[in-house]
Amino acid sequence: MLLFRSNSGSFLRLLQKVKDNGSKIWLNGLWPSLNGGHDDDRAVELNQKDESWGWLLEKGASLIQTDRPVQLLQYLKEEGRR
């Protein structure tokens, strides 16, 4: 599992390298301090799913840890990813 407080360029380059190597990427959607602000509350409470879960998926997440599984599954269905 990768945890990060900010979306720094060096972290994003490292994440891309992990993705390019074919490794599975587990990102945490629970709290903003674990994912650079791309968290469950942003997705659900602020209705910014693309900026939250969508961003995590775009960066290569194969698994997203969440406290909002019903909402995440619905989002994945809507996006054709499940």
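The structure displayed is predicted, hence computed values, not measured ones.

The rules behind the values
Residues numbered from 1 in each chain as written. Predicted model: local features only at pLDDT ≥ 70, side-chain atom pairs only at ≥ 80, totals over all residues. Heavy atoms only, no water. Salt bridge = Lys/Arg side-chain N within 4 Å of Asp/Glu carboxyl O. Helix = DSSP H or I, 4+ residues; strand = E, 2+ residues; numbered from the N terminus. Buried < 20%, exposed > 50% of the residue type's maximum accessible area, 1.4 Å probe, protein only. Contact = heavy atoms within 4.5 Å.

A closer look at the pattern of salt bridges
Here is step 1: Per the counting criterion, the structure on display carries three salt bridges.
Here is step 2: Between Glu45 and Arg68 there is a salt bridge whose closest N-O contact spans 3.2 Å. With Glu45 in the loop between helix H2 (40–44) and helix H3 (50–58) and Arg68 in the loop between strand E2 (63–65) and helix H4 (69–78), the pair connects residues that are 23 residues apart, well separated along the chain.
Here is step 3: Overlapping salt bridges, with partners in common, bring together Asp41, Glu45 and Arg68 in one network.

Things to note about the environment of Ser6
Here is step 1: Positionally, Ser6 belongs in the segment before helix H1 (9–20).
Here is step 2: Judged by relative accessible area, Ser6 falls into the partly exposed class, the value being 43%.
Here is step 3: Sequence separation of Ser6 and Asn35 is 29 residues, and the distance between their C-alpha atoms is 7.2 Å.
Here is step 4: Residues in contact with Ser6, not counting those within four places in the same chain, are Phe11 and Gly36.

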